[in-house]
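Structural features, examined
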Amino acid sequence: MKRRIRPPLFTSNERKPMRPLAALLVSATLTLSAGAARAAWPERPVTMIVPFAAGGPTDVVARIVGDHMSRTLGQQIVIENVAGAGGTTGITRGAQSAPDGYTIMMGHMGTHGAAPAVYPNLKYDPVKDFAPVGLAAGTPIVIVARKDFPAKNLKEFVAQAKASGDKLNEAHAGVGSVSFTTCSLLNSILGTKPARVVYRGTGPALNDLVSGQVDYMCDQIVNLVPQIQAGTIKAYAVALPQRSPALPDVPTTTEAGLPEFQVTAWNAIFAPKGTPKEIVAKLSDALLKALDDEATKKRLLDLGADLTDRASRTPEGLQKLVEREVARWSAVLKSVGAVAN
Amino acid sequence: MGDLLSHLSLGFSVAVTVQNLGLALVGCLVGTLIGVLPGVGPIATITMLLPITFGMPPVGALIMLAGIYYGAQYGGSTTAILINVPGEVTSVVTTLDGHQMARQGRAGVALGIAALGSFFAGCVATTIIAALAVPLTKLALVFGPAEYAALMAMGLAFAVVLARGSILKSIAMTIAGLLLSTVGTDLDTGVERMTFGYAPLSDGVDFAVIAMGLFGFAEVLRNLDAVEEREVVGGAIGRLLPSRADLRQSAGPVVRGSLAGAILGILPGNGAVLGPFASYAMEKRLAKDPSRFGRGAIEGVAGPEAANNAGAQTSFIPLLTLGIPPNAVMALMVGAMTIHGIVPGPLVMTRNPSLFWGLIASMWIGNLMLLVINLPLIGAWVRLCRVPYRLLFPSILLFCCVGIYSVNNSPSDVLFTAGFALVGYAASKVGFESAPLLLGFVLGRLLEENLRRALTIARGDLSVFVRRPICAALLLTGLLVLVIAVLPAIQKSREEVFTE
Amino acid sequence: MLPRTLAILLGVAGAVLVASSLVRKGEAHAHWTLRGPIFICLGVIGFALTIRMPGLAVAGPLVTIVGGAASPETRVKELLVFAAAITAFCIVLFRFILHLPIPVLRIPGVVVI
């Protein structure tokens, strides 16, 4: 944990003649140990920055995956929550940290997909400033409405939305959040302009949906499953190619008649640009092992997570995903007029 | 009734195992510790301790984390009383009379009544949760953004009542607090307001920064001024525990505070914050001699302390019955439950009764533990205050600095605290009080967000505030409180004009 | 719009207060000193500047000593010893008991705790 170099013979005057020799020894040790450090990585706990408050979906995924990766790597992966500005504060900090493999981060669709469109003063470039490690898990998106909304299925909902779209109230958790971005996609597909009511986080938004103050919302399945199962809100469709095991009675958007609405809030691990390839390879290997482990898979699936996208689990696959997503969301968000500042 | 008893016996059978008792104890101890430490709060600690809970059974993990949360409420009042630093938002009101009591040598009494009042409130709140969880949830669901906005506006009226001196100065400080709360990124549009482009401000000013600066550091500055007067604090210890007369005086406030806090705590969206303020305003109104408030009236400690502990416990209700966390700490609990494979929601009560009732039983036990922990500590705290001030205040500085830094790992927070310290010191020299500013700050964000939400849903129609009955009732109450508070002051100044 | 409204209201309140203070008779000004505020601010600023890089092991004694100098009653030797002791206590408490990520001693290339 502590790498201490013995304070050498610099301190007292009598040892002056030894100074150059000592300096040579020290610098040689340092160089050798730097190379050795790379090979021996990790020698101390690794910090994974999660740019959201603890307890949220991204944080839970990070902890589940990090737990298993710690075992493979032999060192603890310590989660550090740095919330703020839709996740960009934490990612900015991660991007600017030393690329020595001891700081990595869990980014997601918002921070590495929608952020460039939402935050013009963004201090990082999702495509260029990172060494991607791999996709961890995706959380599918569900379209939900308040319990007594006058539409029994997605088709009726679409019809209602198209007819009286601007009378509807849509809840979201803040500009740049998953609920905001995904509902922007929905609204642009439907061509509606509802009143977008903003909440500080999914909790309060869900609360008002349950109490019937707002009409509909698009959010990650993790947050919504208990409410849907208890019947306090209605689910119209889940945006996946096939039905989610957590909600077997909810049709997919394709089945329900809106196949254009396909989106998953993906969560992925990134390292800062310049992290040595060997370290990235080790991280990627640990991640893949974690995602193949039965116990970890079960915990993720219990959350309703989507583990189908295997291609993006490698560094190259993730890079391609990021590029695709950045292009997609900038187009969608511009069309909805949702660019900040 | 029989149902309730059988549920409770299930709960106790779960809570009274050696492991769960031990975890409750650990939670309470850690909670008290971080409550006492300025700046460090339950959120940081629960986040740090989450990984440790992985190996534990879910009920045990929740018991420990819950213990940390309400333990912090007990500890937060300690610093509020002793060094005028509110550990949590809810302890701000305790500083008003609690610290004055400490200056009069009655620190032990203040701490004692805070602990006893909190214990009573905890018991009441736990009973309420056990008996009335589901009906109360329905009440919470009736509150929409308009009602919240009205509630917060009513809360602002309380700020005026908090005033010790000039009402106008109090109003000015409240407005200043509201102004400070607007600093940050607007949630709706993503535009940054009043941040002057400075990145650390993009999420607004942190509550701890203002509280520490205005209360803690400014208090140190004030004390350094008045070298002669300061001997009183370290001097006579007086009683260590409340006398019978004290208890009798506090009985009413504690009961009223518990009920107020319990009801407000249920409201999702951090309604618990208002509890202590409402209790203080209520007690000041009901007291025979309101001028004692702000000068060490024991009711001003008993009521708010009861309210804040009751609120902390009942804020579990939305989490347990709806699965929707009412504040940031509860959101962490959601995460903890999720990690352990229990997804919180409306069905937890029926699918996982041992979890639900075990947690409730453990809350009662936790309250008892906290009382047992805190009462003997009072002697230790009071003795600690006799350390010569020239050594005490640098330690306060150090602990506050570390505490502030630990909130966001941000040195600029520490710098801002110094700035607020100067502002608080200067303001107090010309007769302004800091409590209204803090109240304005806390309520400002909640008020503005809910106001805009209500107007968005109503498409800009202002009459929504009078059309909805609860909303109208709240606004009316707020107006009444304001009028009743301001009227004597206006009459007094009119008399002054006449006599001159 | 809201910040502007609030700022205007605040300005109005301030103006009224100033005006009324000129008209009415009030108490005399309380005693001001400069030593307290200056040293405490210097100490806290010093803490803020040193907490990230050298770490708590340097920032702690800095704020304790400089801040401590704010009191006219300080005794230097006592303060120095106390500063070391209380910093050590803080390190144990915050870093090891509470597991908070406070940097203790960071000298680039040499020590990272």
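As shown above, the structure is provided for reference.
Now for a description of the structure that goes with this document. None of these values were measured; they are calculated from a predicted model. (Residues numbered from 1 in each chain as written. Chains lettered and ligands numbered in written order. Predicted model: local features only at pLDDT ≥ 70, side-chain atom pairs only at ≥ 80, totals over all residues. Heavy atoms only, no water.)

1. A look at the packing of aromatic side chains
- Scanning the entire structure with this criterion turns up 14 aromatic pairs over all chains.
- Plain terms: the ring middles of F157 of chain A and Y216 of chain A are 5.2 Å apart, the flat faces sit at 75° to each other, and that makes the pair edge-to-face. With F157 of chain A in helix 5 (residues 154–164) and Y216 of chain A in strand 7 (residues 216–220), this residue pair connects regions lying 59 residues apart in the sequence. Taken individually, F157 of chain A and Y216 of chain A each receive the classification buried, so the pair is uniform in this respect.
- With centroids separated by 5.5 Å and ring planes inclined at 85°, the aromatic side chains of Y280 of chain B and F293 of chain B adopt a geometry described as edge-to-face. Remark: F293 of chain B occurs in the loop between helix 12 (274–286) and helix 13 (299–314) and Y280 of chain B occurs in helix 12; sequence separation between them is 13 residues.
- Take Y280 of chain B: its relative accessible area is 1%, and that puts it in the buried class.
- A cation over an aromatic ring shows up here: R44 of chain A above the ring of Y102 of chain A, its NZ or CZ 3.9 Å from the ring centre.
- Between R328 of chain A and the ring centre of W329 of chain A, over which it is positioned, the NZ or CZ distance is 5.0 Å. (Phe/Tyr/Trp six-rings, centres within 6.5 Å; stacked < 30°, edge-to-face > 60°. Helix = DSSP H or I, 4+ residues; strand = E, 2+ residues; numbered from the N terminus. Buried < 20%, exposed > 50% of the residue type's maximum accessible area, 1.4 Å probe, protein only. Lys NZ or Arg CZ within 6 Å of the ring centre and 35° of its normal.)

2. Focus: the pairing of strand 1 (residues 46–50) of chain A
Residue and element names in this part refer to chain A.
- In terms of burial, strand 1 is a largely internal element, four of the five residues being buried.
- Bridge analysis of strand 1 against strand 2 (residues 77–81) gives five bridges, and the strand direction is parallel. Bridge pairing links T47 to V78 in strand 2.
- Handedness of the crossover joining strand 1 and strand 2 through helix 2 (residues 57–73): right-handed. (Pairing = 2+ DSSP bridges. Right-handed = clockwise from strand over helix to strand, strands pointing away.)

3. Some remarks on the interface of chain B and chain C
- Across the boundary between the two partners, chain B contributes 52 residues, which contact 52 residues of chain C.
- Here chain B packs against chain C, burying approximately 4,600 Å² in sum over the two surfaces, 82% of which is carbon and sulfur.
- For the chain B face of the interface with chain C, the top three residues by lost area are R390, L398 and Y405 of chain B, together amounting to 15%.
- The tally of links from chain B across to chain C stands at one salt bridge.
- Between E78 of chain C and R390 of chain B there is a salt bridge whose closest N-O contact spans 2.8 Å.
- Our count for the chain B to chain C interface comes out at three residue pairs in polar contact (both at pLDDT 80 or more).
- Sort the elements by how many residues they give to the side of chain B that touches chain C and helix 18 (residues 389–408) of chain B lands first, with twelve residues.
- Of the residues in the side of chain B that touches chain C, the class split is 37 nonpolar, seven polar and eight charged. (Contact = heavy atoms within 4.5 Å. Buried area = accessible area lost by both parts, 1.4 Å probe. Salt bridge = Lys/Arg side-chain N within 4 Å of Asp/Glu carboxyl O. Polar contact = N/O pair within 3.5 Å; in protein donor to acceptor, adjacent residues only side chain to side chain. Nonpolar A, V, L, I, M, F, W, Y, C, P; charged D, E, K, R; others polar.)

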